[in-house]
Structure formats: structure tokens, C-alpha cells
Amino acid sequence: MEAITGWWDDYFWGSLVVVKLFFVALFLTVLFGLIGAAAKLSKNRVANTIANAYTVIFRGTPEILVLLLFYFGSAITLTAIAQAFDPEIKFVDFPPFWAGSFAIALIIGSYATETFRGAFLGVDAGQIEAARALGLSNLKTFVYVRIPAMWRLALPPFGNHMLSLIKDTALIAIIGLEETLFVAEQAIGTTGKPFTMYILVGAIYLGFSTIITLTVMVLEKYANRHLEIAE
Amino acid sequence: MSFDVALIIDSIPKMLMGIGLTLQLLFLSLLLGTALAIILLLMRISGRWYLSVPTMVYIYIFRGTPILVQIFIIYYGLPQLDFVRDSIFWPILREPFGCAVVALSLNTGAYVSEIFRGGVLGVDRGLTEAGAALGLSVRHRFVYITAPIAIRLSLPAYSNDVISLQKSTALASTITLLDMTGIARTIVAETYAPYEIFISLMIIYLILTWVIQRSFGWIEKRMSRHIRSEA
Amino acid sequence: MKNSDQKNIILLENVDKFFGEFQALKNISLSVNKGERIVVCGPSGSGKSTLIRCINRLEEHSNGKIVVNGHELTSDVKDIDAVRREVGMVFQSFNLFPHLTVIKNLMLAPKLVRNSSKSEAYDMAMKYLERVKIPEQADKYPSQLSGGQQQRVAIARALCMNPLVMLFDEPTSALDPEMISEVLDVMTDLAQEGMTMIVVTHEMGFARSVADNMVFMDNGEIVEMNNPTEFFENPTSDRTKLFLKQILTH
């Protein structure tokens, strides 16, 4: 246990990186999920096909592979672009933070697409009709009627997506991101205690999952407060 | 940027050499994981707190931490502990393959036990009551009434988990195993052609996913013969 | 302690049943003799279902004594199993096992509980399927049958255990009107053959022609009990009168 002393602040900073990553990826995930769901629900054949391909590809491919592809691929592409301007450049690195969050967002976004799509379909058509009849514009209907109803349905499965998201952030260590696993590796180099260090990483992630699970529970209660039976 | 087709044609057979390892990891972990899941399920629904509480803790930990971290703890971390090195399991835990199988099985066991539990909860209470009224013992009711129905109910979620497991086998490449992903990474390191290699690999995984989905679709169809009404 | 009085099959003495704070059964005492047909009626929530479900321990009674064929019903699994072997139950929602064919539904309990051989169980199953007039459905799955057919299968399934008593929990309430009579006919045949029956139902025509005793329950209590003639023509309690008025004029 004493092995950990001296490493606390490194782990802290590593954890902070994880948190930043989580929120960036979360934002992108919601974005991709909404776009994907819209594409799947639209009448446009091309959009449907692209969205279908998107979900099939990113749900069926190992996450680590997607990460590796994005990281190395973008590095190669960036290098090629840079070399076009300056032939002297040997290699341009793409920041793993951004390659990683983008890749993970694409992956979880493909699951979110299905979840959001299902949730949109689950919205009572009667509510939409009522909104139209009341004279609400398309945009207002979308924002004030569709989204709140859909959010309530999407929340439980989306909670699971968030859990997957936080756990997938660990994979970004493989492409060199300096978060908790990276800290662990360094700590192991000095202390020679891999078990302790990796258990600590596990505990940090367990803490994050717990926070997410509790947050989702609170949000679910809030979203469903109008359904509680009045005394 | 050119697309090196020759490289793809050359690399695919090399990557496919890893498919044996991939499939071994998949089937072994699936078998052991499912067996573990059944044990965990029985403990969880036993009604005895000293069985169900440890099970719930186990599931919570394994579902709340990244599988990569679990793999690292088992492969890099366990050797730190003396009693592990002295135990009979050491020959297995010393090898990366053994560690990968253990990690994947423990992880899958946690998820699948919850899937089975969902199936069990989905069995109509009236059916077990009818069994009880007929004089069937608790064990008989579980084996002849609950289990067959629960299995059918669990199939969709179970097939999703098999696909997840298949994707997780790629993580074995992080602990030196030369499964398909491991081989791909070495090729990319030599050739600097991430797009060609990784995209081809993606296609291989997608085919694998498709095979799994079709197989389960067939199984589901066979098991649901009796609920298609033909009156 | 075995009750040497063979006539009395079911005895309830001062039975209470609480669901948390709510009292579903209040001081119920009832005696059922061999060959008797009891019909229990009453408004929703009166405790009729709870009453018969306590008899085969699908619900656990809170106070009082329940004795079935000499076995007192306690928390001991052996007592419960002994009782359930003698008591057959037919449910409102049939509860046929969806993953088994009709014939397998009937054969399951005899094989597992009475250790019948496959052929013994098969012969008995076919015999009862003929009794309920649907032997040709033996290899079908429950989902392929109509509601009335399913309920008749359920009756046959209970009969395959050769019970001393048959309990019916609103057996026709979930059926479309045109299928009610086929089930009631089977139940009437059963009664005429001498089966001891307790039937919870709203079917008053059936009750009048088949019952030996009518039991009216309201609010967890047995309000009135009488033979059908007296019960329908001279109800003593106001509550009974009100109930009869509501149920007979629609």
C-alpha cells in the first residue's frame, strides 16, 4: 500500500484526463447518435444506407481496432498532408486524446443511434398531433415535445452506453494517452508492484462507473417524476 | 494517397492465420463464461444472502471496470502475488493465452449471468404457480418450466454478448498474443499502411459478427417454433 | 395427525391472511366434504381467490388452521407437497406450459411427481384429453389452441394427477363468451362424476345447477353460506342482496 504514496497526484491527473475524455466523447456520442437516428428515420434512401452501414460497421468491429485505425490512419494522413507542404517532415503525430475521443464517440454513437431511433419511434404520435393542432412549429414541436418524451425512453439504455464509454476510455492508453493506465505503467517501473497499481486503476474506473450509475438513477427519477402516483 | 491492393492480398492470409487463436479464445471463454454464469445465477437467485451478496459484488466489479484493466491485472498483476506463483493455477496464469481466457471468462460470466437472470425474471409467474399447484418441486419447476423459457428469452441479449466477446478477443493482442489483431499490428508497424491492413481486418471481423448473428437467428427461430400461432 | 373422518376433505379454521397491513381474509372457517361442490362468489377484492390459493399454499395463511385430507398445511415442504398432490387447480389464465405440447403438458407432473412411466403417463393423458373432448389436439402447442380449448387442456392436466379436490379460480373469466359453455360443460360433467370441487366464479347459471353450497364473500369475510335455492331466493344479508342484484341484472 505504501507503494502508492507519491503516486497519488499522478493518478489524480490521470483520472482528470479520463474525465475530460469522457465528456468530450459524450458530447460527440450524442451528436453522432442524433445524426445517425435522424438519418435512419428519414425517408432519404442514401441517408438510410449510410446510417445502416455506420451502425453495422461500428457495432461489429472491435473497439481497439477502430482506435488503432483512427490513430495510425490519421497520423499517416496528417503526415502525408504535412509532407505536401514541407517535404522535410518525417512524421506528424495526431494527438491521441482527440483520435481516441473521436473513435470512441463513433463507436458508442452507433449504439446510441439505435437507442435514439427506438426512443423517437416510441414517442406517442398523439402528442405530436396535439402539438401540431395547437399550432406549434416543427422546431418547437421537436424541442418541446419530441425531445423530452424521447429522452425519458432513451435514458435507461443510454445509461448503459455511458458506462461502456467510460470503460472504453481505458483503451486509449494503448495509443499512448497519458491517463491512468499510463501512470500505472510508470509506477510499476519504479515500484515493481503491478498488481497494486492495476487494482488501483480498476478502483478508479469502478468509482467512475458508480458515479455514472447513480447519476442515471437520479436522472431517471427526475424524468419520471410526473408518473409518480400522487398520495 | 494510393491504396496498396497488393499489400492487402498479401496480408489477409497472414492475419487469417490468427483466426485460430481468435476462435479458440472465443469458444473457450464463451464455454467457461457461460458455465460460470449459470453458477452465478443460481447463487444470485438462491435467496441466501451469503450466496447472493458476494455474487452481486462480483458482477458489479466485473461490469464496472474496463476489460482491458481486468486483463492487465490478471496477466501483469497476478505474478506479483506469491501465493499465485505457488498455486496449481500458475502454469495457466503464466501464459498470456491462459490469462486472456481467464479474464474473458470471468468478465463474460458476469454479463451473461445478468442476461440469464433477466430471462428468469421474464418467465410468467403463473407458469411456475401452475407447476407448484401440480406438485412439482422447486428444482423440477426450475429445470422443466423456468429454464427452457428463460433460455429462449435470453437468446437475443446472449447473442449480443457473444459478439461483444468476439470483439474483446482482440484485446489479447495487448498482452503479446498473436491473434488476428496482434498480427495486423505487427504488419502495420512494418509497413506503415494502417488503412489497408486495419480496414481489411475490420472486414474479417464484420464477417465473423455476421456469422454469429445468423447462427443465433437460426437458433432463435428453432426455439420459437411453438409460439408462432397457427390456430 | 391423520383425520380418520374420511368424509371431510378440506377444513379451514379461523384463517386470516394479511398482505402487509391489508387483511385479505378475516377469520375464515369452512368445511368441505367429499363429493361436495362449493361455489364461492363475491365482488372483486373480496378474498375469494386468496381463499382457494391458501388451500394449496400458493399463498401462505397468516393465522388459523388449514387441513386437507388429514394433512395440516404448514411451512414444512413435505406437508405442502402432500397437499398439492391431492389438490388440483385450474387458473383464470390457463397457465399452460408454452414450450411443451398439449400431451407433454399433461404428462409432466405424473412423470416427475408420481414417477409414472412414460407409457402410463401417456395413456392417462390421452384418457383425460378424451374426457375433455379434444384428443386430436395432443401434439399441438398451446398457442395453437383457442382459449376454451386451452382451459379444457388445463383441466385435463390437473386431472392427470388424480386429485381428491379440484379448485377453480375464475376459470371462464378470461374466455370469450362463446367458449364459456364448453368449459362449463366439462366442469358440470366432472361434478356429476362425483369430483369434490371449489369453484370461484361469476357464472350463476352454472352455480345454480351444480353447487351444493353457495358461499358469498365480501371484504375478506364469509358473509353468507347456503344451498343454492335458499341463497338465490332468500338471501339473508343485505350485502348478499346487493351483490345478487348487481350480478343478476345485466
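What follows covers helix α7 (residues 180–191) of chain A. An ideal rise of 1.5 Å per residue puts 16 Å on twelve residues; α7 of chain A measures up with 16 Å between its terminal C-alpha atoms. The complete set of buried residues in α7 of chain A reads Thr180, Leu181, Val183, Ala184, Ala187 and Ile188 of chain A. Each buried residue of α7 of chain A lies within a common arc of 150° when the element is viewed along its axis, so the set occupies one face. When the buried face of α7 of chain A is taken as reference, the exposed residues oriented beyond 90 degrees from it are Gly189 and Thr190 of chain A. As for α7 of chain A, its buried residues are in contact with α1 (8–41) and α8 (194–223) of chain A together with α4 (67–77) of chain B. Measuring from the backbone nitrogen of Leu181 of chain A back to the side-chain oxygen at the start of α7 of chain A gives 2.9 Å, which picks out Glu179 of chain A as the cap. Trailing α7 of chain A by a residue or two, Gly192 of chain A shows a phi angle of about 70°, which is positive.

A word on the sheet that holds strand β5 (residues 71–72) of chain C. Residues and elements named next belong to chain C. Reading across the sheet, the four strands line up as β2-β1-β4-β5 and stay open at both edges, with antiparallel pairing between neighbours. The open sheet has two edge strands, β2 (22–33) and β5, and neither has a second partner. In this sheet, strand β4 (residues 63–68) lies alongside strand β1 (residues 8–19) in antiparallel orientation, the contact comprising five bridges. Across the sheet, residue Glu13 finds its bridge partner in β4, namely Lys65.

Taken residue by residue, the interface counts 23 residues in chain B and 23 residues in chain C. The contact between chain B and chain C buries some 2,100 Å² in all, and 66% of this surface belongs to carbon and sulfur atoms. When the buried surface of chain B facing chain C is broken down by residue, Ala133, Leu134 and His226 of chain B rank first, second and third, together holding 31% of it. Here chain B and chain C share one salt bridge between them. The shortest N-O distance in the salt bridge between Glu129 of chain B and Arg53 of chain C comes to 2.8 Å. Residue assignment for the side of chain B that touches chain C shows that the elements contributing at least two residues are α8 (125–133) and α9 (138–168) of chain B. Among the elements that take part in the side of chain B that touches chain C, α8 of chain B stands out by supplying eight residues, more than any other. Of the residues in the side of chain B that touches chain C, the class split is twelve nonpolar, six polar and five charged.

So, how was this worked out
- Residues numbered from 1 in each chain as written.
- Chains lettered and ligands numbered in written order.
- Predicted model: local features only at pLDDT ≥ 70, side-chain atom pairs only at ≥ 80, totals over all residues.
- Heavy atoms only, no water.
- Helix = DSSP H or I, 4+ residues; strand = E, 2+ residues; numbered from the N terminus.
- Expected span 1.5 Å × (residues − 1).
- Buried < 20%, exposed > 50% of the residue type's maximum accessible area, 1.4 Å probe, protein only.
- Arc of directions from axis to C-beta.
- Contact = heavy atoms within 4.5 Å.
- Polar contact = N/O pair within 3.5 Å; in protein donor to acceptor, adjacent residues only side chain to side chain.
- Pairing = 2+ DSSP bridges.
- Buried area = accessible area lost by both parts, 1.4 Å probe.
- Salt bridge = Lys/Arg side-chain N within 4 Å of Asp/Glu carboxyl O.
- Nonpolar A, V, L, I, M, F, W, Y, C, P; charged D, E, K, R; others polar.

Taken by themselves, the reported measurements are silent on function.
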